[in-house]
Amino acid sequence: MKMTRIAPTALYQEVAERLRQRIFAHELTPGTWIDEQKLAEQYGISRTPLREALKVLASEGLVELKPRRGCYVTEISRQDLDDIFPLMAMLEGRCAAEAVKRARSADMNSLKHIHERLESAARDGRIDAFFEANQEFHKRIQELSGNRWLLSVIQDLRKVLKLSRLHSLSLEGRLQQSLDEHRLIMAALDSGDAAKAEKLMHDHLLSGREALAKIETASPKASD
């Protein structure tokens, strides 16, 4: 039987990744109309792989394909945030509980190292570094849960959350509050208390939503 050669990464996948990063960087801001012809010219490609890439991003919720109107970067509303955060809280709480049951000594040491970076960034007031370490901390717990389905759903939801123009850590006092919450989560994980770790992680996610709500109140046009 003749074997079919495996093709390299399809062009549309590379285009999708480039557009995805531009959206996450808010170079292509929420609500922006996607000029397909202009992008095709910029990338030196035909519109066929570009349209395939946009279909991929649409399936991820990052863009919206509107009949006879074209493609637009998705705008995330307050209601979207209200709908997404409780789901994230539930899912990430479950990850924390499963991580307690599966994590080995080496895994906990790795997690503690990430937590130390959180402590250092908070001590120096480096918000960007804290945010990066925070993302890694959450992702590591998700990986330690050993549940690929949970990980997949959470990653999809976090992609959509990146569309928000708001950042909870920009609220005065939130960075320290977030650090305090992480300390409690870390302690629960380290002590092997699955139920406590689950609740603390759940409450931590909802606390982030509350911080965003306060920012929205101060800047009512920020997320509408």
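Counting starts from 1 at the beginning of each chain's written sequence and moves along it residue by residue. Per-residue local features of the predicted model are confined to residues with pLDDT of at least 70, and side-chain atom pairs are confined, for both listing and counting, to 80 or more; whole-chain, interface and lining totals are unaffected and use all residues. Side-chain calculation: all heavy atoms of the structure are included, whereas hydrogens and water are not.

A. Molecular detail of the environment of His204. Put simply, DSSP H or I for four residues or longer makes a helix, DSSP E for two residues or longer makes a strand, and each gets a number counted from the N terminus. Considering the arrangement of structural elements, one finds His204 in helix H9 (residues 194–218). Take His204: its relative accessible area is 6%, and that puts it in the buried class. Here, residues are in contact when the closest pair of their heavy atoms is within 4.5 Å. Those residues in contact with His204 that lie beyond four places of it in its chain are Asn134, His138, Arg174, Ser178, Glu181, His182 and Ile185. For the exposure calls, accessible area comes from a 1.4 Å probe over protein chains only, and a residue counts as buried if that area is under 20% of its type's maximum, exposed if over 50%, partly exposed in between.

B. Fine view of the pattern of salt bridges. For this document, the term salt bridge refers to a Lys or Arg side-chain nitrogen within 4 Å of an Asp or Glu carboxyl oxygen. Summed over the entire model, instances satisfying the criterion amount to 22 salt bridges. Between Arg47 and Glu36 there is a salt bridge whose closest N-O contact spans 3.5 Å. With a gap of 11 residues between them, Arg47 in helix H3 (residues 47–59) and Glu36 in helix H2 (residues 36–43) connect regions that are remote in the sequence. Note on Arg47: relative accessible area 34%, which makes it partly exposed. One salt bridge connects Glu36 with Arg51, and the closest N-O pair in it is separated by 2.9 Å. Highlighted residues: Glu36 in helix H2 and Arg51 in helix H3, separated in sequence by 15 residues.

C. Spotlight on the packing of aromatic side chains. A pair of aromatic rings is counted whenever rings of Phe, Tyr or Trp (Trp by its six-membered ring) have centres within 6.5 Å, and the orientation is called stacked for planes under 30 degrees apart, edge-to-face for over 60 and tilted otherwise. Within the structure shown, the criterion is met by 0 aromatic pairs. Over a ring means this: the NZ of a Lys or the CZ of an Arg is within 6 Å of the ring centre and within 35 degrees of the ring normal. One Lys or Arg, Lys66, reaches over the ring of Tyr72 and ends 4.7 Å from the middle of that ring.

D. Representation of the packing of H2 against H3 in the model. Closest axis-to-axis distance for the H2/H3 pair is 9 Å, and the angle between their directions is 115°. Taken together, the axes of H2 and H3 are roughly perpendicular relative to one another. Crossing handedness for the pair H2 and H3: right-handed. Residues Glu36, Gln37, Leu39 and Ala40 of H2 lie in contact with H3, whose contacting residues are Arg47, Leu50, Arg51 and Leu54. Helix axes are fitted to C-alpha atoms over the stretch in contact, other axes to C-alpha atoms as well, and angles between N-to-C directions run from 0 to 180 degrees. Throughout this description, any angle smaller than 35 degrees is read as roughly parallel, any larger than 145 degrees as roughly antiparallel, any in the 65 to 115 degree range as roughly perpendicular, and the remainder as oblique. By definition, turning the near helix anticlockwise from the far helix through less than a right angle yields a left-handed crossing, and turning it clockwise yields a right-handed one.

In short, geometric facts, not functional conclusions.
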